[in-house]
Number of protein chains: 2
Amino acid sequence: MERINSKHNQQIKAVKKLTTTKGRKQAQQYLLESWHLVQAALEAVPAADVVMIYATDDQYLEHGADLTGRPVTLISTAVAQELGETMTPQGIFLVCKLPNPAQTPDYRGAWLLLDQVQDPGNIGTMVRTADAAGFSGVAFGKGTASPFNGKVLRAMQGSQFHLQMVETDLEELVVQFHDHQRPVYGTELNPQAVNYREVQPQTDFALIMGNEGNGMDPTLLQQTTKNLYIPITGQAESLNVAIAAAVIMFRIKAN
Amino acid sequence: MERINSKHNQQIKAVKKLTTTKGRKQAQQYLLESWHLVQAALEAVPAADVVMIYATDDQYLEHGADLTGRPVTLISTAVAQELGETMTPQGIFLVCKLPNPAQTPDYRGAWLLLDQVQDPGNIGTMVRTADAAGFSGVAFGKGTASPFNGKVLRAMQGSQFHLQMVETDLEELVVQFHDHQRPVYGTELNPQAVNYREVQPQTDFALIMGNEGNGMDPTLLQQTTKNLYIPITGQAESLNVAIAAAVIMFRIKAN
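Keep in mind that this is a model prediction, so the values were computed, not measured.

Draft legend 1. Seen up close, the environment of A:L94. All names here are of chain A. In this fold, L94 is placed in strand β5 (residues 92-97). The exposure class assigned to L94 is buried, which follows from its relative accessible area of 0%. Each residue touching L94, except ones within four places of it in the same chain, is listed here: Y30, L31, L32, V38, A41, L42, V50, M52 and I53.

Draft legend 2. Quick peek at the relation of the copies chain A and chain B. Of the transformation superimposing chain A on chain B, the axial component is 0.0 Å and the angular component is 180°, with the fit at an RMSD of 0.0 Å. Both chain copies can therefore be described as sitting about a two-fold axis. In terms of C-alpha distance to the rotation axis, chain A has A:V247 as its closest residue, with the C-alpha 2.5 Å off the axis. Mapped onto chain B, 100% of the interface residues of chain A again fall at the interface, so both copies present the same surface.

Draft legend 3. Spatial organisation of the interface of chain A and chain B. On the side of chain B, 31 residues touch chain A, which itself brings 31 residues to the contact. Interface area, chain A with chain B, both sides summed: about 2,500 Å², of which 55% is carbon and sulfur. For the chain A face of the interface with chain B, the top three residues by lost area are A:R128, A:I243 and A:F250, together amounting to 23%. Between the two partners, chain A and chain B, sit 20 residue pairs in polar contact (both at pLDDT 80 or more). Per-element accounting of the side of chain A that touches chain B gives the leading share, 6 residues, to helix α10 (residues 241-252) of chain A.

Draft legend 4. Spotlight on the packing of aromatic side chains. Inspection of every chain in the model, using the stated rule, returns 10 aromatic pairs over all chains. A connected cluster of aromatic rings, assembled from ring pairs, spans A:Y107, A:W111 and A:F177.

Draft legend 5. Geometry of the domain arrangement of chain A. All names here are of chain A. One can read the domain layout of chain A as domain 1 (3-97) and domain 2 (110-252). Each of domain 1 and domain 2 was reduced to a C-alpha centroid, and the two centroids are 31 Å apart. Contacts between domain 1 and domain 2 engage 13 residues on the former and 10 residues on the latter. Buried surface at the junction of domain 1 and domain 2, summed over both partners, amounts to about 960 Å²; 66% is from carbon and sulfur atoms. Looking only at domain 1, the three residues that lose the most surface to domain 2 are R24, Y30 and L37, adding up to 44% of its buried area.

Thresholds applied
- Residues numbered from 1 in each chain as written.
- Chains lettered and ligands numbered in written order.
- Predicted model: local features only at pLDDT ≥ 70, side-chain atom pairs only at ≥ 80, totals over all residues.
- Heavy atoms only, no water.
- Helix = DSSP H or I, 4+ residues; strand = E, 2+ residues; numbered from the N terminus.
- Buried < 20%, exposed > 50% of the residue type's maximum accessible area, 1.4 Å probe, protein only.
- Contact = heavy atoms within 4.5 Å.
- Least-squares fit on C-alpha atoms with pLDDT ≥ 70 in both.
- Buried area = accessible area lost by both parts, 1.4 Å probe.
- Polar contact = N/O pair within 3.5 Å; in protein donor to acceptor, adjacent residues only side chain to side chain.
- Phe/Tyr/Trp six-rings, centres within 6.5 Å; stacked < 30°, edge-to-face > 60°.
- Domains from an automatic or database assignment.

Structural data, given as structure tokens:
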């Protein structure tokens, strides 16, 4: 088994580049960190898509039995620190091929559409919540942080393997949902909009969440079937976007 | 107006100590950061409780008109960096007296009880959500991060000024809620528990959220009226605790 002890190693430098959008695009690969996510990937991803697993001695001793037949390179703690994006990396990483971007949604079930959502933690949490609520897919519109960003991946907790995930132009996607006779619900912080509690639980629809500060794009707001809002009964000015998404998703998605 | 240019200044050192639990306890004061939170405090807190506002020249030029009659000290950017807990501090801070800890809940309306919740971001988000959902108060049990922790304060977005906030022993508090004939709902990740959708919306109750990894304390789980769970219909293993709290709060709190 190969071992890499130096963070200046060319291979490690190449893997480190996967923490950037440009690096992922060039290599058509992305980087997962922590045993929880590595395990989720090994269960979900075709074996041919697993490029390499990097593990410290400690991590290999702990999980080696589950890595039989998989490509593994041992790394020093210093290399783990170099690759890790958290303060105290566990010391296990997986490099994976990016999924085929040509994938198109099937317009079945419930879909969450993210319009210029900025915060990776919010994005990842929304994907995880959509998974828990039984959604079929999540669409990442332009201006929304990449689903392969490290912080997004950590907050998703592996839910990207359970859902259809597409990166696309939302205006075009919304047209498609209408063509498939699916209602599209926008969201806005505006009491003139429809109270989300008035929407009957249903199985096939799209729900759009907008930017943390500015909300949804005005053009997109015009394209929806209805726009929903959550009445604020206390004195808070607004809800965190991931919280608002959760409240609506669990309310309007029929089981 | 006084001006402090050095981060080694004794007064600044004393203010910096308010970022620790020990420092806050000794001084009986806490530190707020950013104009949004300073403004919320100036509106909500008795004038006598505002100990000092620290502002850079830029921040004073922008907000000075709103600070008339308030105690202000100008600080350099270096001092702002020293006091700030974010990467790029805005440069405005407020030192405030800690509220009277003798305050006891009134057991009216809806209450959120936090049992050993660890993550300051989750805690602050739950307080903000409770405020938006029209809750009356939040109780911080032992082992839950302090409501005066900087990260909790930032995530609360000023909601601490809209709600009753108590730090107390939850086992004793739950006994009190029962004595006042208020139902107490626990939460657990257990399909044997009651589906949260079966609880009718109501106005007066307590809802307990537990630790991110371990859930609620087993003793506390025995003390509740009912324990609730959120059915997971997808493949996600669990929900983030702040998300779960939001889904239940918005469902069972009557408007």
